[in-house]
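Descriptive analysis of the structure
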Protein chains: 2
Amino acid sequence: MNREKIVANLSQKTRSKIVLLVVDGLGGVASDGQTELEAAETPNLDRLAAAGVCGLTDPVFRGITPGSGPAHLSLFGYEPTSYLLGRGILEALGVGVMVGRDDLVARGNFATLQEGLITDRRAGRITTEENQRLCQQRSSRLKEIDSASIHLKPGKEHRFVVKFSRKDLSDRLSDADPQKENEAPVPALALSEEAAPSAEVVNRFIRSVSDILQAEPKANTVLLRGFSKHPVIPRLQELYKLSPAAIANYPMYRGLAKLVGMDLIPVGGETSDLLDALEVHYDSYDFFFIHYKKTDSSGEDGNFEAKIKAIEDLDRFIPRIAALHPDVLAVTSDHSTPCRMKGHSWHPNPLLIRAANAQRDKVDRFSERACAGGYLGRFRAVEVMPLILAHAGKLKKFGA
Amino acid sequence: MNREKIVANLSQKTRSKIVLLVVDGLGGVASDGQTELEAAETPNLDRLAAAGVCGLTDPVFRGITPGSGPAHLSLFGYEPTSYLLGRGILEALGVGVMVGRDDLVARGNFATLQEGLITDRRAGRITTEENQRLCQQRSSRLKEIDSASIHLKPGKEHRFVVKFSRKDLSDRLSDADPQKENEAPVPALALSEEAAPSAEVVNRFIRSVSDILQAEPKANTVLLRGFSKHPVIPRLQELYKLSPAAIANYPMYRGLAKLVGMDLIPVGGETSDLLDALEVHYDSYDFFFIHYKKTDSSGEDGNFEAKIKAIEDLDRFIPRIAALHPDVLAVTSDHSTPCRMKGHSWHPNPLLIRAANAQRDKVDRFSERACAGGYLGRFRAVEVMPLILAHAGKLKKFGA
């Protein structure tokens with residue numbers, strides 16, 4: 001029996017509450033000097049670390065730099081090497097398109113068609129405003145094809161995401177994109193028999209949009225690729241008998257949370273909004289995923305001072321979480337985003353768990369290198385979820 | 001190739017001797033202050049820890065609280081998520097019924113049958129003494145059915161274990177138990193063709209026992225459930241070319257040891273009896289599993305002082321083991337039983353290995369948190385066996 005099945009079989013509904021605070025891209029790297037987290041003043045996180053138990057986790061396994069998708073799935077207890085998310089799904093989530101079980105999504109480009117050839121796959125990189133205008137125009141004139149409803153979401157420049165919703169749609173479709181310029185457009189081809197009606201819907205959509213756009217100078221057709229359905233993934237409710245809620249204000253993380261069954265709590269863009277949402281909805285759920293983004297953004301920018309500030313800003317809000325006395329309060333990250341690397345990295349995530357039955361260790365500072373000496377040791381992030389469920393009393397005994 | 005197969009292929013018979021001392025339920029938890037093991041004075045275990053190498057092991061994996069079955073199988077080198085023991089087997093082992101390869105066991109209840117309905121599934125919770133009398137009465141009148149010999153062992157109140165012994169018996173049988181009261185009794189049904197003769201034996205047994213018991217006011221029939229055969233599990237002799245012996249005085253652990261092929265050395269209930277048995281039989285085997293129970297019992301009771309005393313009592317006997325100079329002396333536990341939790345937990349087990357080629361580390365105290373800093377690190381308990389075999393020189397090189 002694999003880990004997921006064992007944990008699912010052992011899980012039990014209880015009244016205990018779990019708060020999982022994910023500080024995106026928290027970890028840094030120092031060849032000398034300090035990491036961002038070490039340089040930050042974090043009296044509240046340090047106090048939690050001192051009262052709880054610490055360790056380090058590898059998002060996938062050692063050496064693997066994860067994207068946001070696998071990094072979060074892993075934290076939620078899904079083996080990231082088994083549950084793979086298609087590009088189309090991640091693109092959709094990234095621009096805030098919610099994907100349900102009956103939806104088919106794809107990445108789209110506005111493109112230029114001249115004399116039967118795609119002469120510019122990006123329609124001269126039209127502006128984002130132009131993109132929004134075109135999507136709006138299309139939306140008002142094309143709401144449905146063969147009873148599949150259609151939803152278009154503009155992205156940056158020439159990019160958009162399209163969502164088709166109907167019960168029987170399949171993602172076994174080839175890209176409707178010649179990939180190269182000065183080639184003829186290609187239709188989406190059904191890669192299996194039951195995908196034929198889906199190919200029909202998609203290709204009719206492309207023809208209809210091209211008709212609507214025919215008077216446009218550049219953006220007079222569309223290319224679609226990366227067709228994806230909702231992944232086959234069990235929900236946290238079924239796996240762990242949780243009532244889970246997500247408090248996140250970026251589309252990608254809201255989308256990931258929805259994929260695994262979390263309720264999405266509406267929340268504003270300020271850090272205080274996250275805490276307000278937690279307090280308001282605290283009685284309604286037993287599992288809260290809180291996502292804090294600023295650490296990752298400043299890491300991507302390589303802005304050491306901004307990342308320190310983002311960490312210190314968050315630290316000031318920790319007492320408001322602790323004051324709710326969740327049975328388990330876990331603070332960790334999805335992946336590291338060291339300023340010196342200006343991007344995601346493979347470095348492990350610091351983890352702290354505060355709970356009544358956490359074995360207290362000597363770590364009294366929440367940082368990458370302090371956590372390396374913690375009692376939890378170093379392990380794969382996919383084991384975080386069983387561990388916090390255990391600390392919350394939500395797992396029965398395995399065998400007699 | 002999986003770990004078990006690799007280790008089996010590399011194992012070699014040598015004259016070196018291994019003593020594996022399992023201190024049941026040893027680990028505790030401290031959110032502040034000390035664990036039971038930290039509070040105990042253990043000069044002899046500390047000396048061993050200082051002279052050897054230490055680490056922490058997770059019985060199954062992080063967050064999973066194991067029962068005694070999977071916890072011991074893991075220590076003996078069996079993947080606990082692959083070798084699953086049925087409830088019937090564990091119940092049988094728990095009351096001291098030895099289960100061999102030709103045996104079929106089940107959990108039984110005495111029950112009340114009135115006018116064709118099971119009106120009480122527990123026969124009014126008859127006393128244990130009454131249960132013993134009934135089992136005795138039945139045993140003297142019903143020794144065999146269709147050349148399957150029958151063995152009945154009373155448990156507490158209305159519970160018993162029945163064992164049928166014949167070469168071709170199958171456990172592919174449904175429960176002979178309506179599960180609810182005021183329903184008609186149900187026979188065991190064969191769940192596959194070759195189980196038909198077994199169903200016949202079981203159902204004839206139920207009818208015969210009911211005939212014998214018909215004059216009883218309450219306990220006038222029996223219900224059977226959880227039919228189990230001996231699991232398909234390779235023996236330590238074949239896996240590791242060991243001559244293994246178990247020194248354990250509780251039925252469950254003797255039963256588990258027998259399942260994996262160990263000889264059972266007769267032993268009394270005192271701690272000194274364990275040591276006497278080891279000394280007397282030291283020349284006859286090359287692997288000794290010694291099981292010490294008192295730590296677990298006092299942990300289950302939540303009795304901090306009693307658990308400290310149990311640990312200190314054991315510590316006084318360590319020099320007698322060390323004086324035999326086994327090539328490998330390993331001290332660990334099957335699972336933690338923290339007094340504050342009054343039951344098994346998921347917390348890892350301290351481990352020490354004293355052997356000529358053990359890498360000495362700085363750990364000079366045998367405790368949960370001291371072992372966290374040991375050279376062995378933290379790992380799954382299923383890797384303990386390869387590690388102690390290696391330290392005993394019983395594993396050849398893998399590949400050239």
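The structure this text deals with has already been given above.
A brief structural summary. Within any chain, residue numbers begin from 1 and follow the written order of that chain's sequence. Lettering of chains starts at A and numbering of ligands starts at 1, both following the order in which they are written. In view of the model being predicted, local features appear only for residues whose pLDDT reaches at least 70, and side-chain atom pairs are presented and counted only at 80 or more, with totals across whole chains, interfaces and linings using the full set of residues. For side-chain calculations, the full set of non-hydrogen atoms in the structure is used, while hydrogens and water are omitted.

1. Regarding the packing of helix H4 (residues 68-75) of chain A against helix H9 (residues 251-259) of chain A
Residues and elements named next belong to chain A. Lines are fitted to the C-alpha atoms to define the axes, a helix being fitted only along its stretch in contact, and any angle between axes, read from their N-to-C directions, falls within 0 to 180 degrees. Each helix is a run of DSSP H or I of at least 4 residues and each strand a run of E of at least 2, with the numbering of both proceeding from the N terminus. As a packed pair, H4 and H9 sit with axes 11 Å apart at the nearest point and diverge in direction by 45°. One element, H4, and the other, H9, form an angle in the oblique class. Crossing hand, H4 versus H9: right-handed. The residues of H9 that touch H4, namely those facing Ser68, Gly69 and His72, are Met252, Tyr253 and Leu256. Partitioned by chemical class, the residues of the contact of H4 with H9 number three nonpolar, three polar and no charged. Any angle that falls under 35 degrees is termed roughly parallel, while one over 145 is termed roughly antiparallel, one within 65 to 115 roughly perpendicular, and all others oblique. Should the near helix be turned anticlockwise from the far one by less than a right angle, the crossing is termed left-handed; should it be turned clockwise, right-handed. Contacts are assigned to residue pairs that have any heavy atoms within 4.5 Å of one another. Residues are grouped as follows: nonpolar covers Ala, Val, Leu, Ile, Met, Phe, Trp, Tyr, Cys and Pro; charged covers Asp, Glu, Lys and Arg; every other residue, Gly included, is treated as polar.

2. Overview of the packing of aromatic side chains
In summary, the pairing rule links any two rings of Phe, Tyr or Trp, Trp by its six-membered ring, whose centres are within 6.5 Å, and it sorts them by plane angle into stacked for under 30 degrees, edge-to-face for over 60 and tilted for everything else. Following the criterion strictly, the structure yields 12 aromatic pairs over all chains and no others. Relative to Tyr83 of chain A, the ring of Tyr78 of chain A has its centre 5.4 Å away and its plane inclined at 90°; by these criteria the two rings are edge-to-face. Accessibility assignment for this pair places Tyr78 of chain A and Tyr83 of chain A in one class, buried. Aromatic side chains Phe76 of chain B and Phe289 of chain B sit 4.9 Å apart centroid to centroid with 80° between the ring planes, which places their arrangement in the edge-to-face category. Residue Phe76 of chain B is located in the loop between helix H4 (68-75) and helix H5 (87-94), and its partner Phe289 of chain B is located in strand S11 (residues 287-292); the two are separated by 213 residues in the primary sequence. Following the ring pairs from residue to residue traces out a cluster consisting of Tyr282, Tyr285 and Phe288 of chain A. Lysine NZ or arginine CZ positioned within 6 Å of the ring centre and within 35 degrees of the ring normal marks a charge as sitting over the ring. Above the ring of Tyr282 of chain A, the side-chain terminus of Lys17 of chain A is found at 5.0 Å from the ring centroid. Each residue's exposure class comes from its accessible area (1.4 Å probe, protein chains only) as a fraction of the maximum for that residue type: buried when under 20%, exposed when over 50%, partly exposed otherwise.

3. With respect to the interface of chain A and chain B
Residue-level contacts link 26 residues of chain A with 33 residues of chain B. Defined in terms of a 1.4 Å probe, buried area is the accessible area two parts forfeit on being brought together, summed over both. Buried surface at the junction of chain A and chain B, both sides included, amounts to about 2400 Å², of which 58% is carbon and sulfur. Looking at the side of chain A facing chain B, the largest losses of area belong to Tyr375, Phe398 and Ala400 of chain A, adding up to 30% of the total buried there. Definition used for salt bridges: Asp or Glu carboxyl oxygen within 4 Å of a side-chain nitrogen of Lys or Arg. For the pair chain A and chain B, the interface holds zero salt bridges. Any N or O atom pair separated by 3.5 Å or less is treated as a polar contact, with the protein-specific requirement of one donor-capable and one acceptor-capable atom, and with residues adjacent in sequence counted only for side-chain atom pairs. Seen at the junction of chain A and chain B, the total is 16 residue pairs in polar contact (both at pLDDT 80 or more). Those elements that provide at least two residues to the side of chain A that touches chain B are helix H1 (3-10), strand S14 (377-380) and helix H15 (384-391) of chain A. Its residues placed into classes, the side of chain A that touches chain B shows 15 nonpolar, five polar and six charged.

4. Details of H9 of chain A
Residue and element names in this part refer to chain A. Every buried residue belonging to H9 is among Met252, Tyr253, Gly255, Leu256, Ala257 and Leu259, and all of these are buried. For H9, the elements touching its buried residues are H4, helix H5 (87-94), strand S9 (244-247), strand S10 (263-264), strand S11 (287-292) and helix H11 (294-301). Gly261 sits one or two positions beyond H9 and adopts a positive phi of about 100°.

5. Description of unusual backbone geometry
All names here are of chain B. One non-glycine residue with positive phi stands out, namely Gln179, at about 70°. Mapping Gln179 onto the fold places it in the loop between strand S7 (159-165) and helix H7 (196-212). Residues other than glycine seldom take positive phi values, yet His325 does so here, at roughly 50°.

6. So, the relation of the copies chain A and chain B
A residue counts toward the fit only if its pLDDT is at least 70 in both copies, and the copies are then superposed by least squares on the C-alpha atoms of those residues. At an RMSD of 0.1 Å, chain A and chain B line up after a rotation of 122° and a shift of 0.1 Å along the axis. Here the symmetry operator amounts to a three-fold rotation axis. An asymmetric contact is evident, with only 4% of the interface residues of chain A recurring at the interface of chain B.

7. Comments concerning the state of the cysteines
Disulfides are defined as pairs of cysteine sulfur atoms found within 2.5 Å of each other. What the rule picks out here adds up to zero disulfides over all chains. With no disulfide of its own, Cys339 of chain A lies 18 Å from the sulfur of Cys371 of chain A, the closest cysteine sulfur. With a relative accessible area of 5%, Cys339 of chain A lands in the buried category. Of all cysteine sulfurs, the one in Cys371 of chain B lies closest to Cys54 of chain B, which takes part in no disulfide; the gap is 4.1 Å. With a relative accessible area of 0%, Cys54 of chain B lands in the buried category.

8. With respect to the pattern of salt bridges
Residue and element names in this part refer to chain A. Throughout the structure, instances matching the rule amount to 51 salt bridges over all chains. With its nearest N and O atoms 3.3 Å apart, the salt bridge here joins Lys307 to Glu36. Placement of Lys307 in helix H12 (residues 304-315) and of Glu36 in helix H2 (residues 36-39) is noted, with a sequence separation of 271 residues between them. As far as the burial class goes, Lys307 and Glu36 line up, both buried. With its nearest N and O atoms 2.9 Å apart, the salt bridge here joins Arg133 to Glu130. Here Arg133 and its partner Glu130 are both found in helix H6 (residues 128-141), three residues apart, which amounts to about one turn of the helix. Take Arg133: its relative accessible area is 37%, and that puts it in the partly exposed class. Among the residues examined, Glu130 registers a relative accessible area of 25% and is labelled partly exposed. Taken together, the shared-partner salt bridges in this structure form one network comprising Lys13, Asp286 and Lys394.

9. Here's the deal with the side chain of Thr295 of chain A
In this structure, Thr295 of chain A sits in helix H11. Apart from residues lying up to four places away in sequence, Thr295 of chain A is in contact with Val23, Asp24, Gly25, Leu26, Lys307, Ala310 and Ile311 of chain A.

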